[in-house]
Amino acid sequence: MDLQDLADRILNGERRALARAITLVESGRADHREQATLLLERLRGHGREALRIGLSGTPGVGKSTFIEAFGCMLIAAGLKVAVLAVDPSSARSGGSILGDKTRMERLSREPGAFIRPSPSQSLLGGVARRTREAVDLCEAAAFDVILIETVGVGQSETMVAEMSDLFLLLLAPAGGDELQGVKRGIMETADIILVNKADGDLKSTAMRTCADYAGALRLMRKRPQDPEGFPKALTVSALEDTGLVKAWEEMQTLIDWRRDTGHFAAARAGQARHWFEAEVRDGLLARLRREPVRGAMAALAGQVEAGRISAARAAEELLRDYLQM
C-alpha cells in the first residue's frame, strides 16, 4: 500500500480513500496497525479542524432519523458532513448489522456527506475502539462537521464525550422524570438535550418532557465549560424538520463561547492525553495476550482455580515477572 498516495487522496477529500483508510485503522492485524500509525502520522499537522458532535440516545429514539435530517440541513448550508455510526456487535457471533447507512438513504445520496458504520465489537462506552482515529481521518479529509452516533445503550455511554466538542443526548417524549437530571452518568455529560418526536400527538408530551428536563438540569452543579443557560433542553422533530435550525444555533453559540474562553482548546488537549493513556492501557493488555505471558497467565489461572494462590497474588507475580512492575 502506498501510504503517501493514500494520504494525499484523503487530503484531497476522496471518499473512497477515506473509507479505505478507516478500514485500515480498524484492522487488528499487526502489520495493518503499523501502517495505520504511519498514515496518521503523515496526516498529522494538516491544520484542519472540524466540529465534532457526539450523539447518544436509547434505541428507537430516532437517532438515525435525526442525523439524516440534521445532516441534510447542514449540507444545504454549504457544509460537508461525516457520520461515524457505531452498531452493537453480537455477543455470540461478534457480527454487526451495520444498517445505519440504509436508514439514512437521503443523506447517503448527498455528495457532501460520508457515512461509515462500524461494529462496537467488545468495547463498552458506546463507541468502537478506533472511532477516535476515524475522526482524525475525517478531519483530514476536510469535513466541516463530524457526527459520532453511539450504540445507544444507557447511562454509562459517555466515552463519546472524550472525542467530541459537543455531546448531544437525544430523548423520547415521556421518557423520564426530573430525577433523571441528577443521575451521575450520561445526563451530566450532555451539553444539549434534544427531545425528539415533537410532532403530531406527541408534540404536547414532548414539550412537557422538555420542561421536566430543563428543570432537572438546573439542579445540576454548574460546569466551568458552560456559559449561562447551558446545558439546556430543546424539542426537535426529525420527521418534520422542526427545531433543527434552533438546535444548530445553540450549538454554535456554545462552541463560539468555548473557543473565546479557551475551553475548546483545553478540552481538545485533555482528550489527546486521554487517548494516549488509553493506547498505553490497550498496549499492555495486548502484551498479556502474547506468549510467553499468555502461557504463564494460564498456568497461574489454574493455580487460582485450584485455590493454591489468591487472584491478587497471582496477578502481582505475573506483572512483576513479565511487565517489570
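Data block above holds the structure.
Here's a quick rundown of the structure. The written sequence of each chain sets the order in which its residues are numbered from 1. The predicted nature of this model means local features are confined to residues of pLDDT at least 70 and side-chain atom pairs, given and counted, to a pLDDT of 80 or more, with totals for whole chains, interfaces and linings taken over all residues. Note that the side-chain values use all heavy atoms of the structure and ignore hydrogens as well as water.

### With respect to the pattern of salt bridges
Opposite charge on two side chains permits them to pair, given that their charged atoms come into close proximity. Here, a salt bridge means any Lys or Arg side-chain nitrogen found within 4 Å of an Asp or Glu carboxyl oxygen. Tallied over the full model, the rule gives 25 salt bridges. Between R9 and E14 there is a salt bridge, with the nearest N and O atoms lying 3.0 Å from each other. On the basis of relative accessibility, which here comes to 35%, the residue E14 falls in the partly exposed class. Overlapping salt bridges bring together E49, R52, R132, D136, E139, D165, R259 and R268 as one network. Burial classification: accessible surface area is computed with a 1.4 Å probe over protein chains only, and a residue below 20% of its type maximum counts as buried, one above 50% as exposed, and the rest as partly exposed.

### Looking at the packing of aromatic side chains
Aromatic rings from Phe, Tyr and Trp, with only the six-membered ring used for Trp, were paired whenever their centres fell within 6.5 Å, and each pair was classed as stacked if the ring planes differed by under 30 degrees, edge-to-face if by over 60, and tilted otherwise. Inspection of every chain in the model, using the stated rule, returns 3 aromatic pairs. Considering the side-chain rings of F66 and F70, the 5.3 Å spacing of their centres and the 10° angle between planes classify their relative orientation as stacked. Residue F66 and its partner F70 are located together in helix 4 (residues 63-76), separated by 4 residues, close to a single helical turn. Each ring, one from F114 and one from F143, has its centre 6.1 Å from the other, and the planes form 45°; the classification is tilted. Linking F114 in strand 3 (residues 113-119) with F143 in the loop between helix 7 (131-140) and strand 4 (145-149), this pair joins segments that are 29 residues apart in sequence. Three or more aromatic residues joined by ring pairs make a cluster, and in this case those are F66, F70 and W248. Placement of a charge over a ring requires the Lys NZ or Arg CZ to be within 6 Å of the ring centre, with the centre-to-atom vector within 35 degrees of the ring normal. Between the NZ or CZ atom of K80 and the centre of the ring of F143, over which it lies, the distance is 4.6 Å. Positioned above the aromatic ring of F264 is the side chain of R259, whose terminal nitrogen or guanidinium carbon lies 4.1 Å from the ring centre. Comment: elements are numbered from the N terminus, with helices defined as DSSP H or I runs of at least four residues and strands as E runs of at least two.

### Concerning the side chain of T131
Within the secondary structure, T131 sits in helix 7. Judged by relative accessible area, T131 falls into the buried class, the value being 5%. Setting aside residues no more than four positions away along its own chain, T131 makes contact with L84, V86, I148 and M163. Working rule for contacts: check all heavy atoms of both residues, and any pair within 4.5 Å makes them a contact.

### Details of the side chain of Q271
Following the sequence through the fold, Q271 ends up in helix 11 (residues 263-288). Aside from chain neighbours lying at most four places away, what touches Q271 is R52, A161, E162, M163 and S164.

### A short note on the environment of D212
Take D212: it is sitting in helix 9 (residues 203-217). Between the alpha carbons of D212 and A174 there is a distance of 9.6 Å; along the sequence they are 38 residues apart.

### Comments concerning helix 4
Expected span, for any helix, means 1.5 Å times one less than how many residues it has. For helix 4, which comprises 14 residues, the first-to-last C-alpha distance of 20 Å matches the rise-based estimate of 20 Å (1.5 Å per residue) to within 8%. Judged by how many residues are buried, helix 4 sits mostly within the fold: 12 of 14 residues are covered. Where helix 4 is concerned, the buried positions are K63, S64, F66, I67, E68, A69, F70, G71, C72, M73, L74 and I75. One or two positions beyond helix 4, positive phi appears at G78, with a value near 95°.

### So, the nonpolar core
Each nonpolar core is a collection of buried residues, namely Ala, Val, Leu, Ile, Met, Phe, Trp, Tyr and Cys, held together in the definition by side-chain atoms within 4.5 Å. Counting residues in each nonpolar core, the largest one holds 46 residues, and the members touching the most others are I10, L39, L137, C138 and I193. Of the residues forming this core, the biggest block, 6 residues, is contributed by helix 2 (residues 15-26). Setting aside its immediate chain neighbours within four residues, L39 contacts L3, L6, A7, I10, A21, L24 and L137. The next biggest cluster of nonpolar side chains, apart from the first, holds 36 residues, and it includes L55, M73, I115 and V145.

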